[in-house]
Amino acid sequence: MTVSAAVERAVAAVTDRESDVQAWARLDIERAGQEAIEADRASSRGALSGLVLAVKDNIDRAGLATGCGSQIPTAQAAKTDAWVVDRLRSAGAVCLGKTVSTEFALFFPGPTRNPWRLTHTPGGSSSGSAAAIAAGMADIALGTQTGGSVIRPASFCGVWGFKPTFGAVPREGIRVIAPSLDTVGWFGRSAADLEAVRRVLGDQTPPAPIDTPPRFALLRTEYWTEADRSARTAVTTAADRARTAGARVTERDPAVLAGLAQGQPLIQCYEAARSLRFEREHHANRLSASLKNYLAQGDAVSCEQHEAVLASAARVRTAQDEVFDDGDVLLTLAAAGEAPKGLTSTGDPLHSQLWTLLGWPTVAVPGLKGSTGLPIAVQLIGRAGFDAEVIAAAAWLAEAMRA
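From a predicted model like this one, the values you see are computed outputs, not experimental measurements.

## So, the overall build of the protein chain
Looking only at helices and strands, one finds 14 helices and eleven strands in the protein chain. Taking 403 residues into account, the globule formula puts the C-alpha radius of gyration at 22 Å, and the protein chain, at 20 Å, falls close to it. With respect to the three principal axes, the spread of C-alpha positions in the protein chain is 55 × 50 × 40 Å. Counting all 403 residues of the protein chain, 57% fall into the buried class. Considering only residue pairs separated by 6 or more positions, the protein chain has 79% of its internal contacts joining residues 24 or more positions apart. A total of about 15700 Å² of accessible surface is found on the protein chain, and carbon and sulfur atoms cover 51% of it. Side chains of the protein chain give 40 positive and 43 negative charges; the mean places of these two sets differ by 3 Å.

## What to know about the side chain of Asp-139
Here Asp-139 shows up in the loop between helix H4 (127–134) and strand E4 (140–145). Those residues in contact with Asp-139, other than ones at most four positions away along the chain, are Arg-9, Gly-50, Leu-51, Val-52, Ile-133, Phe-187, Gly-188, Arg-189 and Asp-193.

## Overview of the packing of aromatic side chains
This structure, assessed with the given rule, holds five aromatic pairs. Judged by centre distance (5.2 Å) and plane angle (65°), the rings of Phe-162 and Trp-186 are edge-to-face. With a gap of 24 residues between them, Phe-162 in strand E5 (residues 160–163) and Trp-186 in strand E6 (residues 183–188) connect regions that are remote in the sequence. The pair formed by Phe-162 and Trp-186 is uniform in burial state, with each residue classed as buried. Seen in terms of ring centroids, Trp-355 and Trp-360 are 6.2 Å apart; in terms of plane orientation they differ by 25°. Their pairing is stacked. Across the pair, exposure class does not vary: Trp-355 and Trp-360 are buried alike.

## Some words on helix H6 (residues 191–201)
Structural remark: α-helix, 3.6 residues per turn; residues separated by three or four positions point the same way. For H6, the buried fraction is high: eight of the eleven residues fall into the buried class. Among all positions of H6, only Ala-191, Asp-193, Leu-194, Glu-195, Val-197, Arg-198, Val-200 and Leu-201 are buried. In this structure, the buried residues of H6 make contact with helix H3 (83–90), E4, E5, E6, strand E10 (362–369) and helix H14 (387–402). The N-cap residue of H6 is Ser-190: its side-chain oxygen and the backbone nitrogen of Ala-192 are 3.3 Å apart.

## Notes on the pairing of E5
Residues of E5 alternate between two faces, with Trp-160 and Phe-162 on one and Gly-161 and Lys-163 on the opposite face, all of them buried. Judged from the three bridges that link them, E5 and E6 form a sheet pairing that is antiparallel. Bridge pairing links Phe-162 to Trp-186 in E6. Here E5 pairs with E10 via three bridges, running antiparallel. When the sheet's bridge partners are listed, Gly-161 is paired in E10 with Ala-364.

## Some details on the packing of helix H8 (residues 263–275) against helix H11 (residues 303–318)
Between H8 and H11, whose axes approach to 9 Å, the crossing angle comes to 130°. Classified by the interaxial angle, the pair formed by H8 and H11 is oblique. Crossing handedness for the pair H8 and H11: left-handed. Counted together, Gly-263, Leu-266, Ile-267, Tyr-270 and Glu-271 of H8 and Cys-303, His-306, Val-309 and Leu-310 of H11 form the full contact between these two elements.

## Brief notes about the side chain of Asp-81
Along the chain, the position of Asp-81 falls in the loop between strand E2 (52–56) and H3. Classification of Asp-81 by relative accessible area gives buried; the value is 16%. Looking at Asp-81, its side chain comes within polar contact range of the main-chain nitrogen of Ala-62, at 2.7 Å. Once you skip the residues sitting within four places of it in the chain, Asp-81 turns out to touch Asp-60, Arg-61, Ala-62, Asp-86 and Arg-89.

The rules behind the values
- In this numbering scheme, every chain counts its residues from 1 along its sequence in written order.
- Reporting in this predicted model follows two pLDDT cut-offs: at least 70 for local features of residues, and 80 or more for side-chain atom pairs to be given and counted; totals over whole chains, interfaces and linings ignore these cut-offs and use all residues.
- The basis for every side-chain value is the complete set of heavy atoms in the structure, and neither hydrogens nor water enter the calculation.
- Put simply, DSSP marks the helices as runs of H or I at least four residues long and the strands as runs of E at least two long, and each gets a number from the N terminus on.
- We take the radius of gyration over the C-alpha atoms and set the globule estimate at 2.2 Å times the residue count to the 0.38 power.
- Buried residues are those whose accessible area, probed at 1.4 Å on protein chains only, stays under 20% of the maximum for their type, while exposed residues exceed 50% and partly exposed ones sit between those limits.
- Contacts: residue pairs with any heavy atoms within 4.5 Å of one another.
- Each accessible area is a Shrake-Rupley result for a 1.4 Å probe, and residues are judged covered by the shown protein chains and nothing else.
- We score Asp and Glu as negative and Lys and Arg as positive, and we do not count His or the chain ends.
- Charge placement uses NZ in Lys and CZ in Arg. For Asp and Glu, CG and CD serve respectively.
- What counts as a ring pair is set by centres within 6.5 Å for rings of Phe, Tyr and Trp (its six-membered ring), and what kind of pair is set by the plane angle: stacked under 30 degrees, edge-to-face over 60, tilted for all other angles.
- Polar contact criterion, stated in full: a pair of N or O atoms within 3.5 Å, where within protein one must be able to donate a hydrogen and the other to accept it, and residues adjacent in sequence count only if both atoms are side-chain atoms.
- By definition, two strands form a pair when at least two bridges between them are found by DSSP.
- Here, axes are lines fitted to C-alpha atoms. For helices the fit covers the stretch in contact, and angles between N-to-C directions go from 0 to 180 degrees.
- Just so you know how the angles are binned, under 35 degrees is roughly parallel, over 145 roughly antiparallel, 65 to 115 roughly perpendicular, and the rest oblique.
- By definition, turning the near helix anticlockwise from the far helix through less than a right angle yields a left-handed crossing, and turning it clockwise yields a right-handed one.

Here it is in structure tokens:
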């Protein structure tokens, strides 16, 4: 497929579905078409040539405003691409525009609807990015994760989602809200898409071929029973199919993780309250009531509480071998269930918060359905720095789940 044909296909999907899904904050179709023509005339093709890119609206794209899902007027367009956008475009991806984010990538939702069922949330905060992939309006999409903002919408929308090791991808040109947590992530149609983006943004070396099945450690966290039955069944089904395909699946319940997930919301609201100080002082009337209330909660978190949580997370990172034992990856919940009905909430990030706090790489592996027919993913977690390996294990698991 030529690059122009890929863009035309994406634009046709936009024409067909955008009025219902509302995934885009700003489209840039004319420029995308021109860049596609130029790419087709070029003598060489990049690693991502022929892929249409969507960019979350808290990430800079030159020539387009970065609105961050806020009602605060944006004075001017970004002058340069964010580092991640520049890298992906240099590898041949063509950017079709900016996708809807929740307000400052936190909790107040935008207008985006779930392409599978328009009365249901697509998740957040990377709402538009996940929905654009699910609706066929993009091939790869950038998002960010502070709590569960990539993994949860990937699960709700039935697409692949990846959050790399914290710090593996530079955040230059991205509006950071919680510096200790915010991580660039991305969505795709397959594990191969996730891996292709990873190689462009990081280490070019491919992972070693999987000659033997991965070793999975099934983790029923302390919040296991707070997920609905369909989500728990998805995880156990994935484990059963992995065993059938020849993988060893053990069960883990590491004591070192107990209570740690409760600290992630403290870090997030504490740092958000300070990152958004200017907006609170100068544009308070443009902020949602729910955001103002949330930031007030952050004001109530002490510096000592903040430092204590970070110290606890650091201790667990040094003990990651105790968590994984002899497993290659952890297998657990990606979300509490199917996408909830309604558009006033983006769902509960509970089942991703721990892994975001620890900064370990995670993948949402789609392919299963809940009791009402909406998608449910499972989540794989890898050791810090083993990003390629956890994507490879996810690809293996997806094949096993299809068998």
